[in-house]
Amino acid sequence: MQSIELRSWLKFLDMKFIKILIAASFLGLGLGLFIVGLEGLIDENTKSYRERTHREQVYLGGVMTAVASTVLGWTLYQEREKYKAQQLETEREKFLLERFYQVLEAKQGRITTLQLAMAAKLSPKDVQAFLDEQAKELKASVDVTPEGKTYYQFDV
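Residues numbered from 1 in each chain as written. Predicted model: local features only at pLDDT ≥ 70, side-chain atom pairs only at ≥ 80, totals over all residues. Heavy atoms only, no water.

Looking along a regular strand, one sees side chains alternate from face to face of the sheet. Here strand β2 (residues 141-144) runs beside strand β3 (residues 150-153); their pairing, made up of 4 bridges, is antiparallel. In the strand pairing of β3, Val-144 is matched with Thr-150. As consecutive antiparallel partners, β2 and β3 are separated by 5 residues, and within that stretch Gly-148 has a phi angle of approximately 95°, a positive value. (Pairing = 2+ DSSP bridges. Helix = DSSP H or I, 4+ residues; strand = E, 2+ residues; numbered from the N terminus.)

Right, here's the structure in full:
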């Protein structure tokens with residue numbers, strides 16, 4: 001029982017979670033430093049020129065660090081979003097392939113775009129591109145009836 005809990009905890013702390021945490025930290029740090037830096041540059045209560053110059057340099061450094069942190073955080077966040085999109089596309093392709101094989105078996109290798117689109121609950125346009133790719137890869141024949149209906153014939 002402990003090993004199941006440990007595995008689920010480790011799964012929770014995978015690289016995806018760590019990337020999100022780092023990106024959020026950098027974004028928060030960057031925005032916070034940016035606000036503090038701007039506040040310091042605007043402050044008019046500083047008396048001497050030397051003190052004002054030193055203070056401006058410190059706050060300017062803070063603002064530059066803030067911008068760099070914000071850019072880094074945003075970049076990490078964008079990478080995470082790209083990764084999620086790739087994962088979603090991979091899952092979609094896997095799902096479509098599973099439905100393809102189910103319909104292919106049920107129809108004894110002769111299927112239409114509409115049959116697969118209905119089984120996968122996807123648009124015929126997306127399914128058409130998938131079927132064209134599979135037909136090329138699996139060397140299927142494409143038959144068009146006189147009525148214009150397209151059948152893909154796969155060897156089962």
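Taken together, 3 strands build an open sheet; the order of strands is β1-β3-β2 and the sheet is antiparallel. Each edge of the open sheet carries a strand with a single partner, namely β1 (110-111) and β2.

Let's shift gears to the pattern of salt bridges. The tally for this structure, following the rule as stated, stands at 5 salt bridges. Between Glu-81 and Lys-84 there is a salt bridge, with its nearest N and O atoms 3.5 Å apart. Within this pair, Glu-81 and its partner Lys-84 are both found in helix α3 (residues 49-106), separated by 3 residues, close to a single helical turn. By relative accessible area, which is 27% here, Glu-81 ends up partly exposed. Asp-126 is paired through a salt bridge with Arg-92; the nearest N and O atoms lie 3.3 Å apart. A residue pair is termed long-range when its members are at least 10 positions apart, and Asp-126 in helix α5 (residues 124-138) and Arg-92 in helix α3 qualify at 34 residues. Look at Arg-92 and you get partly exposed, because its relative accessible area is 28%. (Salt bridge = Lys/Arg side-chain N within 4 Å of Asp/Glu carboxyl O. Buried < 20%, exposed > 50% of the residue type's maximum accessible area, 1.4 Å probe, protein only.)

Counted by the stated rule, this structure contains 4 aromatic pairs. Note on Phe-100 and Tyr-101: the rings are 5.4 Å apart at their centroids and 50° apart in plane angle, and the pair reads as tilted. Relative to Phe-130, the ring of Phe-100 lies with its centre 5.5 Å away and its plane at 80°, an arrangement referred to as edge-to-face. In this pair, Phe-100 sits in helix α3 while Phe-130 sits in helix α5, placing the two residues 30 residues apart along the sequence. Phe-100 gets classed as buried once you look at its relative accessible area, which sits at 0%. The rings of Phe-100, Tyr-101, Phe-130, Tyr-152 and Phe-154 are connected pair by pair, giving a single aromatic cluster. A cation sits over an aromatic face here: Arg-110 above Tyr-151, 4.0 Å from the ring centre. (Phe/Tyr/Trp six-rings, centres within 6.5 Å; stacked < 30°, edge-to-face > 60°. Lys NZ or Arg CZ within 6 Å of the ring centre and 35° of its normal.)

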